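Results of the structural survey
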Amino acid sequence: MSNTDFSSTSTVQTRLTALQQLIQRACENAAKPVDSLTFLAVSKTQSVHSVHEAYQAGLRDFGENYAQEGVDKIIAMQQLVGSNSINWHFIGPLQSNKTRLVAEYFAWVHSVERFKIAQRLAEQRPAHLPDLNVCIQVNISHEANKSGCLPDELIALALHINALPRLKLRGLMAIPAPIDPLADDAAQREPFVAMKNWYDRVKAALPLASQSQFDTLSMGMSNDFPHAIAAGATIIRIGSALFGARNPI
Ligand SMILES: *Cc1c(COP(=O)(O)O)cnc(C)c1O
């Protein structure tokens, strides 16, 4: 296929097929097996119908940005496909007053940026559920007023979070500042390569017993995922290229 059709008239299944070819190529270029990469379908503002369509196309990991919207969809999808068939990831900014909902309904949180939030998640994670998988969000582009901890604070924060019960520190997440799409590959890749370097440094700083579960680099979205894959992403988070334009909130 020479053209990738992300237009709003195509279905989730056709968009996914086109994306899978691009992902396969990016994985081949990076000499990585395709099955080592998780495709996270970002379903914020999308309907339960669209989530179900993506589920029927084979996707099992979904990402939501708003706690209540996410929980509503989780419950609706449980009624459609059963309770243990989807991994739900919380990827949006997380305020203290929403940690309980997230701890009770999600399997993953990618957007932990402060110890206090991690502590609340640990306290509120129900005992009957497996440990909550968490990634630390990194403000890799040092943007003012943007989410994520600054790289300088990362290792200390990771060591603190790693010591909490009920959480499993899995890795790092970033949303780099947009880069001119006409810039060369090296420039496009730079923030993702910087993330891979931080990932390696944090992993090496963790106690030996925790290092093998620290296995996740969540980076790459619709516009930049091939560069993220080239730099070592293990989860790419794809919204508009899969579902079409987002519905207004
Ligand atoms: C919305 C969102 C995405 C998906 O963005 P697209 O450009 O639509 O693929 C990925 N990650 C996070 C944290 C988001 O908020």
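Right, let's walk through the structure included here.

1. With respect to the pattern of salt bridges
- By the definition in use, this model includes seven salt bridges.
- R166 is the salt-bridge partner of D131, the closest N and O atoms lying 2.7 Å from each other. One end of the pair, D131, is in the loop between α5 (115-124) and β5 (132-137); the other, R166, is in the loop between α6 (154-162) and β6 (167-173), with 35 residues separating them in the sequence.
- Judged by relative accessible area, which is 32%, D131 ranks as partly exposed.

2. What about helix α3 (residues 67-81)?
- Compared with the 21 Å implied by 1.5 Å per residue over 15 residues, the 21 Å span of α3 between its first and last C-alpha is a close match.
- Every buried residue of α3 is accounted for by A67, G70, V71, K73, I74 and M77. Projected down its long axis, α3 carries its buried residues within an arc of 165 degrees, all on one side.
- The inward-facing, buried residues of α3 contact α2 (48-56), β2 (61-64), β3 (87-90) and α4 (99-105).
- Two residues or fewer after α3 comes G82, characterised by a positive phi angle close to 95 degrees.

3. Regarding unusual backbone geometry
- Unusually for a residue other than glycine, T45 sits at a positive phi of about 65 degrees.
- Among the structural elements, T45 can be located in the loop between β1 (38-42) and α2.
- For R166, which is not a glycine, the phi torsion comes out positive at approximately 70 degrees.

4. Remarks on the pairing of β2
- Side chains D61 and G63 of β2 all project onto a buried face; the interleaved residues F62 and E64 project onto the opposite face, where all are buried too.
- Pairing analysis gives two bridges linking β1 to β2, with the strands arranged parallel. By the bridge assignment for β2, A41 is matched with F62.
- Viewed along the sheet, the connection from β1 through α2 into β2 turns out right-handed.
- Pairing of β2 with β3 involves four bridges; the strand directions are parallel. Residue F62 lies in a different strand from β3, and its bridge partner there is W88.
- Handedness of the crossover joining β2 and β3 through α3 is recorded here as right-handed.

5. Some remarks on the nonpolar core
- Residues F39, F62, L121, L172 and L242 are the most contacted members of the largest nonpolar core, which totals 66 residues.
- Looking at which element gives the most residues to this core, the answer is helix α1 (residues 12-29), with six residues.
- Apart from the residues lying within four places of it in its own chain, the contact partners of L121 are L94, T99, V102, A103, V109, V112, L132 and L167.
- Ranked by size, the runner-up nonpolar core spans seven residues in total, among them L40, C135, M173 and I235.

Reading guide: rules and limits
Residues numbered from 1 in each chain as written. Predicted model: local features only at pLDDT ≥ 70, side-chain atom pairs only at ≥ 80, totals over all residues. Heavy atoms only, no water. Salt bridge = Lys/Arg side-chain N within 4 Å of Asp/Glu carboxyl O. Helix = DSSP H or I, 4+ residues; strand = E, 2+ residues; numbered from the N terminus. Buried < 20%, exposed > 50% of the residue type's maximum accessible area, 1.4 Å probe, protein only. Expected span 1.5 Å × (residues − 1). Arc of directions from axis to C-beta. Contact = heavy atoms within 4.5 Å. Pairing = 2+ DSSP bridges. Right-handed = clockwise from strand over helix to strand, strands pointing away. Core = buried A, V, L, I, M, F, W, Y, C linked by side-chain atoms within 4.5 Å.

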